[in-house]
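# Commentary on secondary and tertiary structure
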Amino acid sequence: MTVLLIITILILTGIALWQITKIFELSQLGQKKDDSQIATEKDNDLNGKLMFAFLVFIYAVTIYSFWTYSKVLLPESASAHGPAYDTLLWISFAVILFAQTLTQAVLHIFAYQYRGINNRKAYFFTHDNKLEFVWTIIPAIIFFLLIIYGMITWGKIMNFEEDEDALVVELYAQQWNWKARYGGEDNVLGDANVRFLNDFDGKNPIGIDSSDPNGMDDFVVTQEFHLPVNRKVIFKLRSQDVLHSAYMPHFRAQMNCVPGMITEFSFTPTKTTDEMRMNSDVVDKVNRINKIRFEKSKLLTAKGEESLEPYQFDYLLLCAKICGTSHYNMQMKIVVESEKDYEKWVAKQQIFSEVIQ
Ligand SMILES: [Cu+2]
């Protein structure tokens, strides 16, 4: 990678030097007149046609990208606010795509249409108030509407009530793993602080304050965390060291974890993990991944190595801030299940007062 960068820099420096020498040569007065730098009709014709060809090229790349890469997009959302979020995204996307397609067409077709031929002279046109008014006012109105719509959607997603029924879960980020803490029986998280991390011989990995009775029934999980379907969850986010970001793409949720403060995000999961595994987009994706894994396994077993396990869909909590060397692997599995299964899982967890005994 570094080698590639150095080569690129050297090539670009070379081109820059070559251009500077050319400018210097052209600026020398009193030298013999050199016509080789003046565009001929053939050059103009070629450049005009290349402009048109470029338009065809960018349209082709756009269509190809949609065709090839749309299948790697996320499946339908699994949270209550997800559809509103997706609609906002797709409307913004449609507006941008329409404007880009239109303006690029105008730009390149004009450059082709009015390329220099037959001593054609350019029409001298200073300005037109009506035209400038139109191309200022239309984008202004569209942007205004998009921003208002975005702010309304943002407000609906971000302003949530602290209601009693909501499940409170703390996500604790550190380089490079996640831990989740639940409030236990009382659904209230006890106070916590990094100062308590070393208490109880490393049995207090997220620094629960043992003098706060609310924390005694809290429990901490490290491998996966469970959520009951159709119940609002309020996430309290903390970071131990640097800036991290809790990203749960299937629920269209993301919030920074900032050292020294608690940030919040809330959503209601609407599909269990099992339901999501049946989603046709997810089934397709899993099949594609397993086909690749199967091919890789064949190569591995030929070398006498172990074959790869088939992939199964799971919701994930990821880190969306480049937070250090193992950032890429900072993830935790999320299981969404029925209230009954969730209660069963909770019953199996060891609470803080038991852990520190
Ligand atoms: Cu991180």
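For the structure itself, look to the data block above.
Throughout, residues of each chain are indexed from 1 in the direction in which the sequence is written. Residue-level local features of this predicted model are given only where pLDDT is at least 70; pairs of side-chain atoms are given and counted only at 80 or more, and the full residue set underlies all totals for whole chains, interfaces and linings. The basis for every side-chain value is the complete set of non-hydrogen atoms in the structure, without hydrogens or water.

Across the sheet, 5 strands lie side by side as S3-S2-S1-S5-S8; this open sheet has mixed pairing. Strands with a single pairing partner mark the edges of an open sheet, and in this sheet they are strand S3 (219-221) and strand S8 (263-267). The mean angle between the axes of side-by-side strands here comes to 25 degrees, regardless of whether they run parallel or antiparallel. Here a strand pair is declared whenever DSSP counts at least two bridges between the two strands. Helical segments are the DSSP runs of H or I of at least four residues, strand segments are the runs of E of at least two, and each set is numbered from the N terminus. Summarising the sheet, strand S1 (residues 167-174) and strand S2 (residues 177-182) pair through 6 bridges and their orientation is antiparallel. Residue pairing across strands places Val-169 opposite Tyr-182, the latter belonging to S2. Against the sheet, helix H7 (residues 339-347) touches S1, S2 and S3, its axis set at about 105 degrees to S3. To obtain an axis, a line is fitted to C-alpha atoms, over the contacting stretch when the element is a helix, and the angle between two such axes runs from 0 to 180 degrees between their N-to-C directions. In what follows, a contact means two residues having at least one pair of non-hydrogen atoms within 4.5 Å.

A word on the pattern of salt bridges. Salt bridges are defined by distance alone: a side-chain nitrogen of Lys or Arg within 4 Å of a carboxyl oxygen of Asp or Glu. The final tally for this structure, using the stated rule, is 16 salt bridges. Put simply, Asp-86 and Arg-252 hold a salt bridge, and the shortest N to O gap is 2.7 Å. One end of the pair, Asp-86, is in helix H3 (residues 82-113); the other, Arg-252, is in the loop between strand S6 (244-248) and strand S7 (253-257), and 166 residues separate them in sequence. Buried means the residue's accessible area, taken with a 1.4 Å probe over protein chains only, is under 20% of the maximum for its type, while exposed means over 50%, and partly exposed covers the values in between. Residue classification places Asp-86 among the buried positions, given a relative accessible area of 14%. With a relative accessible area of 9%, Arg-252 lands in the buried category. For Asp-163, the salt bridge is made with Lys-232, and the minimal N-O distance between the two is 3.0 Å.

Quick look at the nonpolar core now. The term nonpolar core refers to a set of buried residues drawn from Ala, Val, Leu, Ile, Met, Phe, Trp, Tyr and Cys, joined through side-chain atoms within 4.5 Å. Counting residues in each nonpolar core, the largest one holds 40 residues, and the members touching the most others are Leu-171, Trp-178, Tyr-182, Phe-225, Leu-227, Phe-235 and Met-248. For this core, the element with the most residues is S1, which contributes 4 residues. If we skip the residues at most four places from it in the chain, Tyr-182 touches Leu-167, Val-168, Val-169, Leu-189, Asp-218, Phe-219, Val-221, Phe-225, His-226, Leu-227, Tyr-342 and Trp-345. Tyr-172, Ile-206, Ile-208 and Ile-356 belong to the second largest nonpolar core, which has 6 residues in total.

On their own, these measurements won't tell you what the molecule is for.
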